[in-house]
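Residue strings, one per chain:
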Amino acid sequence: MVLSSTLGVPRTDAVPRHVAIIMDGNGRWATQRFLPRVAGHKKGVDAVRAVVEACAVRGIEYLTLFAFSSENWRRPADEVSLLMRLFVHALEREVTRLARNGIKLKVVGDISAFEPRLQELIADVEARTRDNGRLTLTIAANYGGRWDILQATRRLLAEHPELARHPERIDEAALSPYLSMAYAPEPDLFIRTGGEQRISNFLIWQLAYTELYFTDCFWPDFDAEQLDLACKSYRSRERRFGRTSAQLQAPEPAAVSSAPSGGG
């Protein structure tokens, strides 16, 4: 079972176990170069490949990328259509590479809104990579943090209707298994590129104690070096999880042996 950061103290390491990224700035990257926005999105796909490889090399176990939010449907129709085509193309092109490199792919979000071809591709890639264990790459598509909590609540009550009459029995332990990313530990490090400093309805349950890192770097320019800068910042943080600095600095209590002492 995945440990909740509000119910216990998760393990912390120098290398973040789970990195979550909002890949922002594709359109602005293109605009600065007097290119159509599509050029930025296409370049952003290349950045995804580079960052996935960099995470695998560095021993990061989980990488979650916010590809398309539930609010992105508000964008111009032609841009939404382009993003969907890029998603299809990337899945078709990358599945062999993912399988060969030991990467497991999962997609979270309300994919029922996507065209059947895209839904089929998602199912196929997930099936072909399900046994891989080097890195779990999660793509959040048509995803929203509030949607996630709502769908988890609905699933919980559908399976346990008696809880509607006894809401006092609903706690984190009851709800957490129904969240879309119940299979992964909470992110250690959240990165947002492109200069904006907000989480934009991304993993709002899971980011409770995540370290936040914001960079002005546009996503198409984000690479292994930029990832290392984010991880360096992460290593400088004091992860207290509600405790004090003094508690962190205190030596661990010595183990008490249960063996009987010798007579004398």
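Quick note: structure is the one above.
Residues numbered from 1 in each chain as written. Predicted model: local features only at pLDDT ≥ 70, side-chain atom pairs only at ≥ 80, totals over all residues. Heavy atoms only, no water.

## A short note on the overall build of the protein chain
If you tally the helices and strands in the protein chain, you get eight helices and six strands. Along the protein chain, from the amino end to the carboxyl end, the secondary structure elements read β-α-α-β-α-β-α-β-α-α-β-β-α-α. C-alpha atoms of the protein chain, sized along the principal axes, occupy 85 × 50 × 35 Å. The proportion of buried residues among the 264 residues of the protein chain is 44%. Long-range contacts, defined here as pairs at least 24 residues apart, represent 76% of the contacts in the protein chain between residues at least 6 apart. Accessible surface for the protein chain amounts to roughly 14,200 Å². Of this, 52% is attributable to carbon and sulfur atoms. (Helix = DSSP H or I, 4+ residues; strand = E, 2+ residues; numbered from the N terminus. Buried < 20%, exposed > 50% of the residue type's maximum accessible area, 1.4 Å probe, protein only. Contact = heavy atoms within 4.5 Å. Areas by Shrake-Rupley, 256 points an atom, 1.4 Å probe, with all protein chains shown as cover.)

## Section: the nonpolar core
One finds I21, L63, F87, L137 and I191 to be the most contacted residues of the largest nonpolar core, which totals 43 residues. At eight residues, the largest contribution of residues to this core is made by helix α3 (residues 77-100). (Core = buried A, V, L, I, M, F, W, Y, C linked by side-chain atoms within 4.5 Å.)

## Focus on the packing of aromatic side chains
Under the criterion given, the structure shown has 10 aromatic pairs. Judged by centre distance (6.3 Å) and plane angle (45°), the rings of W73 and F114 are tilted. With W73 in the loop between β2 (62-69) and α3 and F114 in the loop between β3 (103-108) and α4 (116-129), this pair connects stretches of sequence that are 41 residues apart. By relative accessible area, which is 36% here, W73 ends up partly exposed. (Phe/Tyr/Trp six-rings, centres within 6.5 Å; stacked < 30°, edge-to-face > 60°.)

## Thoughts on the sheet that holds strand β6 (residues 211-214)
With parallel pairing, six strands are arranged side by side in an open sheet as β3-β4-β2-β1-β5-β6. Across the chains shown, the open sheet's two edge strands, defined by having one partner strand only, are β3 and β6. Here the strands of the sheet are splayed against their neighbours by 20° on average, with no regard to which way each runs. In this structure, β3 lies alongside strand β4 (residues 135-143), joined through six bridges in parallel fashion. For K104, the partnering residue across the bridge sits in β4 and is T136. Sheet contacts for α3: β2, β3 and β4; angle to β3, the most-contacted strand, approximately 155°. (Pairing = 2+ DSSP bridges. Axes fitted to C-alpha atoms, helices over the stretch in contact; angles between N-to-C directions.)

## Quick look at the environment of T138
Structurally, the position occupied by T138 is in strand β4. Apart from the residues lying within four places of it in its own chain, the contact partners of T138 are L63, T64, L65, K106, V108, M181 and Y183. A polar side-chain atom of T138 sits 2.7 Å from a polar atom in the side chain of Y183. (Polar contact = N/O pair within 3.5 Å; in protein donor to acceptor, adjacent residues only side chain to side chain.)

## What about unusual backbone geometry?
At S200, a residue that is not glycine, the phi angle is positive and equals roughly 50°. Within the secondary structure layout, S200 lies in the loop between β5 (189-192) and β6. Note on S200: relative accessible area 28%, which makes it partly exposed. The backbone of L203 shows a phi angle near 50°, a positive value even though the residue is not glycine. With respect to the helices and strands, L203 occurs in the loop between β5 and β6. Judged by its relative accessible area of 1%, L203 is buried.

## Focus: α3
If you check α3, its first and last C-alpha atoms are 35 Å apart, about what 24 residues at 1.5 Å a residue would give, namely 34 Å. At the exit of α3 stands G102, carrying a positive phi of roughly 75°. (Expected span 1.5 Å × (residues − 1).)

## Topic: the packing of helix α2 (residues 37-58) against helix α7 (residues 224-235)
Contact geometry of α2 with α7 gives a least axis separation of 9 Å together with a crossing angle of 50°. Overall, the two elements α2 and α7 adopt an arrangement that is oblique. Once α2 is placed against α7, the crossing between them reads as right-handed. Residues A54, C55 and R58 of α2 lie in contact with α7, whose contacting residues are A224, L227 and D228. Of the residues belonging to the contact of α2 with α7, the class tally is four nonpolar, no polar and two charged. (Parallel < 35°, antiparallel > 145°, perpendicular 65-115°, else oblique. Left-handed = near helix turned anticlockwise from the far one by under 90°. Nonpolar A, V, L, I, M, F, W, Y, C, P; charged D, E, K, R; others polar.)

## A look at the environment of W29
Along the chain, W29 falls in helix α1 (residues 26-32). Residue classification places W29 among the buried residues on the basis of a relative accessible area of 9%. Taking the C-alpha atoms as reference, W29 lies 9.5 Å from G44; in sequence the two are 15 residues apart. Not counting residues within four places of it along the chain, the set of residues in contact with W29 comprises L35, A39, G40, K43, F218, P220 and D221.

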